[in-house]
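Remarks on the overall topology
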Protein chains: 2
Amino acid sequence: MSKNALTAAPRKLLDVLDLGECCTPLRRELLEADQAVTLAEAFKALADPVRLQLLNLIATADGGEACACDLVDPVGKSQPTVSHHLKVLREAGLVTGEKRGTWIWYSVVPSRLEDLRRVLART
Amino acid sequence: MSKNALTAAPRKLLDVLDLGECCTPLRRELLEADQAVTLAEAFKALADPVRLQLLNLIATADGGEACACDLVDPVGKSQPTVSHHLKVLREAGLVTGEKRGTWIWYSVVPSRLEDLRRVLART
DNA sequence: ATCCAGCATCGAGATCTGTCAATATTGATC
DNA sequence: GATCAATATTGACAGATCTCGATGCTGGAT
């Protein structure tokens, strides 16, 4: 079942909350329970210091991508732990990993971050 | 010790990550471990379906504020549970509660949401 | 084919979190 | 005073989460 483990499993996330154009004084919709669950899963991926550091490391890396091998030392956790957190980020659709030879290059998915930003814009 | 429990305890949060003017192609800073912890605490407050619903209910309420008494039924949880989640939101600085007579009126803190949005903008 | 490096998975322990029933506190009203 | 309604707090339990050591898997190099 673990085929294609790297391209993540971007469960449909925030589409339910597509709020139309950017910066439009949008109509505030009531948040249904199931939508809230989906949204909360996305924010859960951001709710850990190690994952935030990983995201930051990847986002600020040269060329917009970072080798997984360069992510272990900076966060000060074990390799299995880092691997676990990268999986969480992948499954949340926040990053993607591309395997090249022996190692894996990670890059962020800007559109996913943008989705979450839009949600926070509704005040 | 529980004096002034309503005005929340807005632990300094995202000031560490003040990125300067909006929409500036800002310099990407490395995220230190302690900063990541502070940030993660903020996102943790958003990482729960009930809290997202509460935030949404408050944000979309008439006049921008909602009575706590009107927040229990919509989320389908017990009163202590809702009270707990409102406390988490308060301590994260995402909402404030003002006591008027017997009940408490909650409103969101837009600047705090804006802070988190800025963090997600760094890609 | 063998060996090694990069990464994932498994299993387990410790801690954190969401939830509720019961109870306490606070404030308005009688 | 006593009483009631609105919130908060406590205590306890179940389930989720973070973490690591041990192990498995994969691909390149010898």
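Data block above holds the structure.
A brief structural summary. (Residues numbered from 1 in each chain as written. Chains lettered and ligands numbered in written order. Predicted model: local features only at pLDDT ≥ 70, side-chain atom pairs only at ≥ 80, totals over all residues. Heavy atoms only, no water.)

1. Quick notes on helix α1 (residues 33–46) of chain A
Over its 14 residues, α1 of chain A extends 20 Å from the first C-alpha to the last, a length consistent with the 20 Å expected when each residue adds 1.5 Å. Taken residue by residue, α1 of chain A has Gln35, Ala36, Leu39, Ala40, Ala42, Phe43, Ala45 and Leu46 of chain A as its buried positions. Summarising the contacts, the buried residues of α1 of chain A are in contact with α2 (49–59), α4 (79–91) and α5 (110–120) of chain A together with α1 (33–46), α2 (49–59) and α5 (110–120) of chain B. (Helix = DSSP H or I, 4+ residues; strand = E, 2+ residues; numbered from the N terminus. Expected span 1.5 Å × (residues − 1). Buried < 20%, exposed > 50% of the residue type's maximum accessible area, 1.4 Å probe, protein only. Contact = heavy atoms within 4.5 Å.)

2. Some remarks on the packing of α1 of chain A against α5 of chain A
Packed helices, taken two at a time, are described by the angle their axes make and the gap between the axes. All names here are of chain A. Look at α1 against α5: their axes get within 11 Å of each other, and the N-to-C directions meet at 110°. By the angle between their axes, α1 is roughly perpendicular relative to α5. Considering only the axes of α1 and α5, their crossing is left-handed. Across the interface between the two elements, Leu39, Ala42, Phe43 and Leu46 of α1 pack against Leu116, Val119 and Leu120 of α5. Along the lines of polarity and charge, the residues of the contact of α1 with α5 split into seven nonpolar, no polar and no charged. (Axes fitted to C-alpha atoms, helices over the stretch in contact; angles between N-to-C directions. Parallel < 35°, antiparallel > 145°, perpendicular 65-115°, else oblique. Left-handed = near helix turned anticlockwise from the far one by under 90°. Nonpolar A, V, L, I, M, F, W, Y, C, P; charged D, E, K, R; others polar.)

3. A short note on the interface of chain A and chain B
Taken together, the contact pairs 30 residues of chain A with 30 residues of chain B. Taken over both partners, the interface formed by chain A and chain B buries close to 2,700 Å², and the fraction arising from carbon and sulfur atoms is 72%. Together, Asn56, Arg117 and Leu120 of chain A form the three largest contributors to the area buried by chain A at its contact with chain B, with a combined 22%. Between chain A and chain B we count zero salt bridges in total. The interface formed by chain A and chain B holds three residue pairs in polar contact (both at pLDDT 80 or more) in total. Taken together, the elements giving at least two residues each to the side of chain A that touches chain B come down to α1, α2 and α5 of chain A. Here the side of chain A that touches chain B gets eight residues from one element, more than from any other, and that element is α1 of chain A. Taken together, the residues of the side of chain A that touches chain B break down into 19 nonpolar, four polar and seven charged. (Buried area = accessible area lost by both parts, 1.4 Å probe. Salt bridge = Lys/Arg side-chain N within 4 Å of Asp/Glu carboxyl O. Polar contact = N/O pair within 3.5 Å; in protein donor to acceptor, adjacent residues only side chain to side chain.)

4. Quick notes on the protein's contact with DNA strand C
Neighbouring residues of DNA strand C: 26 residues in total, closest Cys69 and Ser83 of chain A together with Arg51, Thr81 and His85 of chain B. Here, DNA strand C places atoms within 4 Å of the protein, and 76% of those atoms are sugar or phosphate. Within the contact set of DNA strand C, a phosphate oxygen lies 3.1 Å away from a backbone nitrogen or oxygen of Ile104 of chain A. Listing elements by their share of the surface near DNA strand C, those giving two or more residues are α4 and β3 (103–108) of chain A together with α2 and α4 (79–91) of chain B. A per-class count over the surface near DNA strand C returns ten nonpolar, nine polar and seven charged. (Near = heavy atom within 4 Å.)

5. Notes on the relation of the copies chain A and chain B
Relative to chain B, chain A is turned by 180° and slid 0.0 Å along the rotation axis, the superposed coordinates differing by an RMSD of 0.0 Å. Taken together, these values place the two copies in the relation of a two-fold axis. Measuring from the rotation axis to each C-alpha of chain A, the shortest distance belongs to Arg117 of chain A, at 2.6 Å. The share of interface residues of chain A whose copies in chain B are also at the interface is 100%, consistent with both copies meeting through the same surface. (Least-squares fit on C-alpha atoms with pLDDT ≥ 70 in both.)

6. Points about the packing of α5 of chain A against α5 of chain B
Look at α5 of chain A against α5 of chain B: their axes get within 9 Å of each other, and the N-to-C directions meet at 170°. The angle between the axes of α5 of chain A and α5 of chain B places the two elements in the roughly antiparallel class. Along its contact with α5 of chain A, which presents Leu113, Leu116, Arg117 and Leu120 of chain A, the element α5 of chain B presents Leu113, Leu116, Arg117 and Leu120 of chain B. Classifying every residue of the contact of α5 of chain A with α5 of chain B by side-chain character gives six nonpolar, no polar and two charged.

7. A short note on the state of the cysteines
Residues and elements named next belong to chain A. Taken as a whole, this structure holds two disulfides over all chains when the rule is applied. Bridging Cys67 to Cys69, the disulfide has an S-S length of 2.4 Å. Between Cys67 and Cys69, the S-S torsion sits near 130°, and that sign places the bridge as right-handed. For Cys67, a relative accessible area of 2% translates into the label buried. (Disulfide = S-S within 2.5 Å.)

8. Examining the sheet that holds strand β1 (residues 65–67) of chain B
Residue and element names in this part refer to chain B. Reading across the sheet, the three strands line up as β1-β3-β2 and stay open at both edges, with antiparallel pairing between neighbours. The open sheet is flanked by β1 and β2 (95–100), the only strands paired with a single partner. Pairwise comparison of adjacent strand axes, ignoring direction, gives a mean angle of 30° for this sheet. Across the sheet, α4 is in contact with β2 and β3 (103–108); its angle to β2 comes to roughly 115°. (Pairing = 2+ DSSP bridges.)

Without other data, these values stay purely geometric and don't point to any function.
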